[in-house]
Amino acid sequence: MAAAVRAAGCLSVLCGLPAGHLWARQLFLNTFPTTSILAFKTAISNGLDALPRSSNQTTSVHCRAVYCRGRHSPGGGPLSSPGTRGNHHYASLTHALQTQCCIYSPSSWMGQQYRPYSFFTKLTADELWKGALAETGAGARKGRGKRAKKRRRKDLNRGQIVGEGRSGFLWPGLNVPLMRNGTVQSIAQRSKEEQEKVEASIVQQREEWERRKKIKVKRERGWSGNTWGGVSLGPPDPGPNGETYEDFDTRILEVKNVFNMTAKEGRKKSVRVLVAVGNGRGAAGFAVGKAAERMDAFRKAKNKAVNFLHYIERYGDHTIFHDVSLTFKRTHIKMKKQPRGYGLRCHRAIITMCRLIGIKDMYAKVSGSVNMLNLTRGFFHGLSHQETHQQLADKKGLHVVEFREECGPLPIVVASPQSALRKDPEPEDEVPDTRLDWDDVKTAQGMKRSVWSGLKRAAT
């Protein structure tokens, strides 16, 4: 209040005008007409004599803390006489009004309450969203409402442009560039037609967003109609250095809900996703992604899998080099090399991974545990440790030959040693140390029968 009184005294001394009325925290000067802040500042800069005076128009000056300083007389008296219209008076007043005053036209003569803060300005956006989403509280800590649909945070700034409004003002640095042709732009306003076009484009953009929300994306069918297994997620996202993976594809192998028991929240649910990626030319990998939301887990898994790629050697770009039999924990996998045109006769997860690798002909059988993670890890471990024909030739120092049905008894040399050829042949054991599969033995001897052959059916 004292600051406003001092401001009124300074105005009367500087301008040679009587002080206005003081209502609560508002200072009304009857000598100034209703005008905008820009026009008022311009008028103050050019001189107060240029302002028209009217008895029925008022301008309200809302002063926070104004200290008008000017030249005092040598005797410590007030400022120079009101009749003197020096530029330093107007400069001092203009600076005070520009920095500490807010000029507006009052709607009534009644005093208005002014609050420098409110409930929304005291709390941060994160604190307000926590209250709206009920992320905290005794109920959340005790696990209440776990089966209720979780409310998600919305981006209220989406589609909003800082500085845009219904009046169509152009503010340099906000909704228009600050500099143009080497000069700083001034505040301007769009024409009525341009403003209507801008508002129509914003409305059309928001309607497009709402339409996209309602569209249900029809995903590709996987192994079955109601599971995520075998569904394609597309290529991984581009890397931080601009690298792209357009030739890769991502397939889901398993989606599983997992829970973690915590002291405050109880059973905390998460989604664990196992995916495999590959380009169909030997480069493939797999990874596990975990998140609270399913789509976040998909994104994490496919972007992580592309960082752990294996290069799988293929014979003739269609099959493996040799038969592989392995045991990974409790999972037993047996893979056999097959001729061209045989196809893939394997577990459905192995078929999906073979297509990502680029293997077209192979037989595989899985026994024991069918845990998907152990199956995937064992499959990639067995294929990545294959011994190619060239590696076998260099290891033995001999030619590696292959017998094919189309060539009869004539062998075909598929690899030769890069070093000197060994003179003596590979010694053969009297009794071959070969690990046989009892199912293969029974099939070769014709002893394998159907499991339903001895079933007794009830008489009809």
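See above for the structure.
Rules used throughout
- Residues numbered from 1 in each chain as written.
- Predicted model: local features only at pLDDT ≥ 70, side-chain atom pairs only at ≥ 80, totals over all residues.
- Heavy atoms only, no water.
- Helix = DSSP H or I, 4+ residues; strand = E, 2+ residues; numbered from the N terminus.
- Buried < 20%, exposed > 50% of the residue type's maximum accessible area, 1.4 Å probe, protein only.
- Contact = heavy atoms within 4.5 Å.
- Areas by Shrake-Rupley, 256 points an atom, 1.4 Å probe, with all protein chains shown as cover.
- Core = buried A, V, L, I, M, F, W, Y, C linked by side-chain atoms within 4.5 Å.
- Patch = residues over 30% accessible without salt bridge, like charges linked within 9 Å, V, L, I, M, F, W, Y side chains within 5 Å.
- Salt bridge = Lys/Arg side-chain N within 4 Å of Asp/Glu carboxyl O.
- Lys, Arg positive; Asp, Glu negative; His and termini not counted.
- Charge placed at Lys NZ, Arg CZ, Asp CG, Glu CD.
- Pairing = 2+ DSSP bridges.
- Axes fitted to C-alpha atoms, helices over the stretch in contact; angles between N-to-C directions.
- Parallel < 35°, antiparallel > 145°, perpendicular 65-115°, else oblique.
- Left-handed = near helix turned anticlockwise from the far one by under 90°.
- Nonpolar A, V, L, I, M, F, W, Y, C, P; charged D, E, K, R; others polar.

Caption draft 1: Structural view of the overall build of the chain. Broken down by element type, the chain carries 12 helices and 18 strands. Out of the 460 residues in the chain, the part that is buried amounts to 31%. Counting only contacts in the chain whose residues sit at least 6 apart along the sequence, the fraction spanning at least 24 positions is 53%. As displayed, the chain offers around 31,800 Å² of accessible surface, 52% of which is attributable to carbon and sulfur atoms.

Caption draft 2: Up close: the nonpolar core. With 29 residues, the main nonpolar core has M335, I350, M353, I357, M362, F379 and L383 as its most contacted residues. Every element with two or more residues in this core is listed here: strand 10 (266-278), strand 11 (283-291), strand 13 (324-328), strand 14 (331-337), helix 9 (348-357), strand 16 (362-368) and helix 10 (372-384). Residue contributions to this core peak at 7 residues, all from helix 9. With residues up to four places along the chain from it excluded, the contact list for M353 reads L253, A276, T376, F379 and F380. Judged by nonpolar contacts, the second largest core, of 12 residues, contains I252, V271, A287 and A291.

Caption draft 3: Inspection of a negative patch on the surface at higher detail. Taken together, the side chains of E193, E194, E196 and E199 define an acidic patch exposed on the protein surface. Overall, the relative accessible area of 45% leaves E194 in the partly exposed class.

Caption draft 4: Quick peek at the pairing of strand 17 (residues 400-403). Burial along strand 17 is one-sided: V400 and E402 are buried, and none of V401 and F403, which face the opposite way, are. Strand direction decides the pairing type here: strand 17 and strand 18 (residues 411-415), joined by 4 bridges, are antiparallel. Of the residues in strand 18, the one forming a bridge with V400 is A415.

Caption draft 5: The packing of helix 9 against helix 10, seen in detail. Across the interface, helix 9 lies against helix 10 with an axial gap of 11 Å and an inter-helix angle of 40°. Between helix 9 and helix 10, the angle falls in the class oblique. The two elements helix 9 and helix 10 meet at a crossing, and its hand is right-handed. Residue-level contacts link A349, I350, M353, C354 and I357 of helix 9 to M372, L375, T376, F379, F380 and L383 of helix 10. Among the residues making up the contact of helix 9 with helix 10, the classes are represented as 10 nonpolar, 1 polar and no charged.

Caption draft 6: Main features of the pattern of salt bridges. All chains considered together, the criterion is met by 15 salt bridges. As a salt-bridge pair, R190 and E164 come within 2.6 Å of each other at their nearest N and O atoms. With R190 in the loop between strand 8 (188-189) and helix 7 (192-214) and E164 in the loop between helix 6 (138-141) and strand 5 (169-170), the pair connects residues that are 26 residues apart, well separated along the chain. What makes R190 buried here is its relative accessible area of 16%. A residue is classified by how much of its surface remains accessible, and E164, at 24% relative accessible area, is partly exposed. Close ionic contact of R281 with D247 constitutes a salt bridge, the shortest N to O distance being 2.9 Å. Of this pair, R281 sits in the loop between strand 10 and strand 11 while D247 sits in the loop between helix 7 and strand 9 (249-262), and the two are 34 residues apart along the sequence. Accessibility expressed as a relative area gives 38% for D247, which makes it partly exposed.

Caption draft 7: Spatial organisation of unusual backbone geometry. At D317, a residue that is not glycine, the phi angle is positive and equals roughly 60°. By the secondary structure assignment, D317 is in the loop between strand 12 (309-311) and strand 13. Among the residues examined, D317 registers a relative accessible area of 47% and is labelled partly exposed.

Caption draft 8: Up close: the sheet that holds strand 13. Reading across from one edge, 13-14-16-15 is the order of the 4 strands in this open sheet, with mixed pairing throughout. If you trace the sheet from one side to the other, it starts and ends with strand 13 and strand 15 (344-345), each paired once. Seen against the sheet, helix 9 touches strand 14, strand 15 and strand 16 and runs at an angle of roughly 140° to strand 16. Its contacts with the sheet place helix 10 against strand 13, strand 14 and strand 16, and it is angled at close to 40° to strand 14.

Caption draft 9: Seen up close, helix 9. Judged by how many residues are buried, helix 9 sits mostly within the fold: 8 of 10 residues are covered. Among all positions in helix 9, only A349, I350, I351, T352, M353, C354, L356 and I357 are buried. In the segment just after helix 9, G358 is the residue with positive phi, at about 115°.

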